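# Architecture and fold: a report
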Amino acid sequence: MSATPVLGSRPRFSTRSGGERPDCDYLIKTILLGDLDVGKTTFMHTYLHGRCPAAGAVPKLGAANGHKTVVYHGKRVKLTMWDTAGQERYRSLTASYYRGAHACLVMYDVSSKESFDSVTSWMESVQDYNDANSGTVTMLVGVRKTRESSQRAHHVTEVDQQRAVNLSSHYQIPHFTVDCLNDPSSVDFVMNTMVTMVMTKAMENSNLSQTIRPYSTKLEMISHKGQGRCSGCCNL
Ligand SMILES: Nc1nc2c(ncn2[C@@H]2O[C@H](COP(=O)(O)OP(=O)(O)OP(=O)(O)O)[C@@H](O)[C@H]2O)c(=O)[nH]1
Ligand SMILES: [Mg+2]
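Residues numbered from 1 in each chain as written. Chains lettered and ligands numbered in written order. Predicted model: local features only at pLDDT ≥ 70, side-chain atom pairs only at ≥ 80, totals over all residues.

## Observations concerning the overall build of the chain
Condition: A helix here means a DSSP run of H or I that spans at least four residues, while a strand means a run of E at least two residues long, and both kinds are numbered starting from the N terminus. In this scheme every C-beta is placed from the backbone, and a residue whose C-beta has 20 or more other C-beta atoms within 10 Å is buried, one with 12 or fewer is exposed, and one in between is partly exposed. What counts as a contact here is a pair of residues whose C-beta atoms, placed from the backbone, lie within 7 Å.
What the chain contains, in helices and strands, is seven helices and nine strands. Here the chain holds 236 residues, and 39% of them are scored as buried. A sequence separation of at least 24 residues applies to 78% of the contacts in the chain between residues at least 6 apart.

Dropping the structure here:
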């Protein structure tokens, strides 16, 4: 996929409260899905804060969310990210988070065949909960986790990447791999591509374009030293 245009310029926001302008031009709800331990919270933290969280510092909460605003072709696009725990006991909680999602990132761990085998059931959930006409953008994301060896850190790959490509073709969705620890820009690339896809679809799909209008008219500080905000995945 080609690089996303325009994104990356740092938005400037007022800290005044109670203004009349909405705090963004478009609002995109993104949900992260995938088995236990695939790296969902790490992905969200890396996107919001520009770096991978410290080892052992990732909480295993039922759900967390955060937001970040980017500029797309001169428009402020506020991304709200919803992170759900992959543990089976949290699955029932997850259902309510599908509703209204404009983008779903279905994640698996490249070193875990089991997590890849679960992608099909996560995709079924996406299809069950999302209205077929809503124009929801879905993406398949494989997380490459670095393992230390006696020589150099290396990736352990168990999932045949051709299978991953075939599966994404079957669902007609894009496939990416990311490494939050060694390459945080891979996370930005996925998110920038997602914004481009949602915004492009919104131009064509009136249902979608209605739902990405901001609901809030309250002006608030949403830029955190150029990074995002989250509640739940960390204390930043
Ligand atoms: N090296 C490396 N490790 C990662 C990466 N993503 C996640 N991990 C590690 O994988 C483990 C699980 O990551 P989490 O982000 O907690 O996974 P999760 O999907 O949120 O897990 P649940 O909330 O339990 O469903 C942690 O020890 C992370 O440090 C990555 O991109 N690179
Ligand atoms: Mg998590």
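## Description of the site of ligand 1
To keep it simple, the criterion reads: In this text, near has one meaning. A residue is near a molecule or strand if its C-beta atom, placed using the backbone, is within 6 Å of it. The nonpolar class holds Ala, Val, Leu, Ile, Met, Phe, Trp, Tyr, Cys and Pro. Asp, Glu, Lys and Arg form the charged class, and all remaining residues, Gly among them, are polar.
Close to ligand 1 lie 20 residues; G39, T41, T42, G86 and C180 are nearest. Per-element tally for the shell around ligand 1: the top contributor is helix α1 (residues 40–49), with three residues. Considered class by class, the residues forming the shell around ligand 1 number eight nonpolar, seven polar and five charged.

## What about unusual backbone geometry?
Of note in the backbone geometry, H73 takes a positive phi value of approximately 45° without being a glycine. Structurally, H73 can be placed in the loop between β2 (63–72) and β3 (75–84). Overall, H73 belongs to the exposed group, with 11 C-beta atoms counted inside 10 Å. In this structure, Q172 is a non-glycine residue whose phi angle is positive, near 55°. By secondary structure assignment, the location of Q172 is in the loop between α5 (161–171) and β8 (175–178). Classification of Q172 by C-beta neighbours within 10 Å gives exposed; the count is 7.

## Topic: the packing of α1 against helix α6 (residues 184–204)
For clarity, the threshold we go by: Note on geometry: axes are lines fitted to C-alpha atoms, helical ones only across the stretch in contact, with angles between N-to-C directions running from 0 to 180 degrees. Oblique is the label for any angle not covered by the other classes, which are roughly parallel (under 35 degrees), roughly antiparallel (over 145) and roughly perpendicular (65 to 115).
It is at 9 Å that the axes of α1 and α6 come closest, and there the two elements cross at 90°. Put simply, α1 runs roughly perpendicular to α6. For the pair α1 and α6, the contacting residues are F43, T46 and Y47 in the first and P184, V187, D188 and M191 in the second.

## Some points on the confidence of the model for the chain
Detail in the predicted coordinates should be disregarded across regions flagged by low pLDDT. Rules: What pLDDT reports is the predictor's confidence in each residue, on a scale of 0 through 100.
Looking at the chain as a whole, its pLDDT mean stands at 79, while 72% of the residues score no less than 70. Across residues 216–226, confidence stays below pLDDT 50; counting only partners more than four residues off in sequence or on other chains, it has 29 contacts.

## A few points about α6
Rule in force here: Expected helix span is computed as 1.5 Å times (number of residues minus one).
In a regular helix each residue adds 1.5 Å, so 21 residues correspond to 30 Å; α6 covers 31 Å between its end C-alpha atoms and thus fits that length. Considered for burial, the residues of α6 that qualify are V187, V190, M191, N192, M194, V195, T196, M197, V198, M199 and A202.

## So, the nonpolar core
The line we're drawing: Nonpolar cores are identified as sets of buried Ala, Val, Leu, Ile, Met, Phe, Trp, Tyr and Cys residues joined via C-beta atoms within 7 Å.
With 52 residues, the main nonpolar core has M107 and V198 as its most contacted residues. Per-element accounting of this core gives the leading share, nine residues, to α6. Discounting residues that sit within four places of it in the chain, V198 has contacts with I28, H102, A103, V137 and I212.

## Some thoughts on the pairing of strand β5 (residues 137–143)
Note the threshold: Should DSSP find at least two bridges between two strands, the strands are regarded as paired.
The element β5 is largely enclosed, with a buried count of seven among its seven residues. Side chains V137, M139, V141 and V143 project from β5 onto one buried face, and the interleaved T138, L140 and G142 project onto a second face that is buried too. Relative to β5, strand β4 (residues 103–109) is paired through seven bridges, and the arrangement is parallel. Across the sheet, C104 pairs through a bridge with T138, a residue of β5. Where β5 and β8 come together, four bridges link them in parallel fashion. Following the sheet pairing, G142 is matched in β8 by T177.

## Some remarks on the environment of L208
Topologically, L208 is positioned in helix α7 (residues 206–211). According to the C-beta neighbour criterion, L208 is buried, with 20 such atoms within 10 Å. Dropping the residues within four chain positions of it, L208 is found in contact with H102, S134, G135, K201 and A202.

## Some points on the pairing of β4
Burial analysis of β4 places seven of its seven residues in the buried class, the great majority of the element. Of the two faces of β4, the one carrying A103, L105, M107 and D109 and the one carrying C104, V106 and Y108 are both buried. By the bridge criterion, five bridges tie strand β1 (residues 26–34) to β4 in an arrangement that is parallel. Of the residues in β4, the one forming a bridge with L32 is L105.

## Details of the environment of W122
By the element assignment, W122 lies in helix α4 (residues 119–129). Take W122: there are 21 C-beta atoms within 10 Å of it, and that puts it in the buried class. Remark: the alpha-carbon pair of W122 and D35, spanning 87 residues in sequence, is separated by 8.7 Å. When residues no more than four places from it in sequence are discounted, the contact partners of W122 are L33, G34 and V106.

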